Amino acid sequence: MIKELNNIFFDILQWHQKRIEFLVLFIEALIKVRTVNFSELAEAFNTSLDKESNYRRIQRFFLEYNFSFKDIAKLLISFIPQEKLTLCIDRTQWLNTNIFFLGVEYKGVSIPIIWDNLDKKGSSNTQERKDMLIEFINILGIDKIGVLLADREFIGKDWFKWLNDMKIPFMIRIKDNLLLEKTNGQKSNARNFFRCYIPKELNKELFDIDLKIIGTKISKDDYLIVATNLQEADLKIYAKRWSIETMFLCFKSKGFNLEDTKMTDPEKINKLIALISITFCWCFIVGKHYQKKKSKFRKDLNCYSKSIFKLGLEIIRNALFNPITKRKILYNCIRLFSRQLLAFKKSVVE
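As a starting point, this report considers the structure included with it. (Residues numbered from 1 in each chain as written. Predicted model: local features only at pLDDT ≥ 70, side-chain atom pairs only at ≥ 80, totals over all residues. Heavy atoms only, no water.)

Here we take up the pairing of strand S8 (residues 200-206). Pairing of S8 with strand S9 (residues 209-219) involves seven bridges; the strand directions are antiparallel. Of the residues in S9, the one forming a bridge with Leu206 is Ile209. Where S8 hands over to S9, the hairpin turn is made up of two residues, of which Phe207 adopts a positive phi near 55 degrees. (Pairing = 2+ DSSP bridges. Helix = DSSP H or I, 4+ residues; strand = E, 2+ residues; numbered from the N terminus.)

Turning our eyes to something else, we now look at unusual backbone geometry. Its identity as a non-glycine residue notwithstanding, Phe207 has a phi of 55 degrees, on the positive side. The class for Phe207 is partly exposed, based on a relative accessible area of 22%. (Buried < 20%, exposed > 50% of the residue type's maximum accessible area, 1.4 Å probe, protein only.)

So, about the sheet that holds S9. Read across the sheet, eight strands follow the order S3-S2-S1-S4-S5-S10-S9-S8 without closing on themselves; strand pairing throughout is mixed. Two strands bound the open sheet, and with one partner strand each, they are strand S3 (109-117) and S8. Neighbour-to-neighbour, the strand axes of the sheet open up by a mean angle of 25 degrees, direction not taken into account. Sheet analysis places strand S4 (residues 145-150) next to strand S5 (residues 170-173), joined by three bridges and oriented parallel. Within S5, the residue paired with Leu149 across the bridge is Met171. (Axes fitted to C-alpha atoms, helices over the stretch in contact; angles between N-to-C directions.)

The next thing to look at is the pattern of salt bridges. Inspection of the entire model under this criterion finds 17 salt bridges. Measuring nitrogen to oxygen at the nearest pair gives 4.0 Å for the salt bridge that ties Asp222 to Arg152. Of this pair, Asp222 sits in strand S10 (residues 222-228) while Arg152 sits in the loop between S4 and helix H7 (157-165), placing them 70 residues apart in sequence. Looking at Arg152, the relative accessible area reads 30%, which means it is partly exposed. A salt bridge links Lys157 to Asp208; the nearest nitrogen and oxygen atoms lie 2.8 Å apart. Of this pair, Lys157 sits in helix H7 while Asp208 sits in the loop between S8 and S9, and the two are 51 residues apart along the sequence. Take Lys157: its relative accessible area is 44%, and that puts it in the partly exposed class. We classify Asp208 as exposed; its relative accessible area is 57%. (Salt bridge = Lys/Arg side-chain N within 4 Å of Asp/Glu carboxyl O.)

Following this line, the structure appears as structure tokens:
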């Protein structure tokens, strides 16, 4: 069954066979140990080699092997139905590592598509944001963008103007102390326009652009205020931005413990994220398939007791640890993943 994955990945990625074998071993080990720590991964590699040899093999891959991140992006996007897409951008960081992500919201979580190690502290600049959007557009086209969602750090006159000029629909949260013009021509903090808990919509000029400002008070001292160039929008659309935070949890404490890596080199970390992203998608595909069968629906919370990712991770992990007694489930997990990969291969050929 594992050989089936080897063959499909080989056809799609066109890597050397040994690198494909490594990829599948890495994915399998990552699901088993749920950490990117090389020592623990090496111990979980399903080979006849000893731990030290597996460890050196992992090191060599990240040191020596280069591959196309554009090909990885195309592979990852294939896990999402091809319709108007909701893009989410945000950063996650630990110690001195600062990764800027673009994901596509699907079923409450963002599927990672493009990422960049900023190799600096703090937020991205306008050019870095443009570069990421242009990279996405070069892969799928601008017409695929339904809306771009972003939090308060992603504001700025040049950035908003570029998005508007490119005709990229966006909903971006603004700071509640950002100045907006009142009807009498004076300016006031944005929060002063949204003093009640019922959402309100205003037409305002912001950064010399005519936009809709939608906002509401969400607690005693906090406000949710969003600027958008969409003709019709509401805060339910913006709520999908949380999907990228969910993805970060899956990559970190709720899934693969990305912070455990000892690597600091930006290129190596980008490679690691590529492998995690493929593994993440396998868990997602399996969880999506089994959700109604294996997860209880909580009517009081209007959601399932386990997230799609968590359920998929648990099912595959249990099957990998018990390949004899869980053979049928393991076969089905691999079949689900293979079927998705084969569909992608077919689309590339066409």
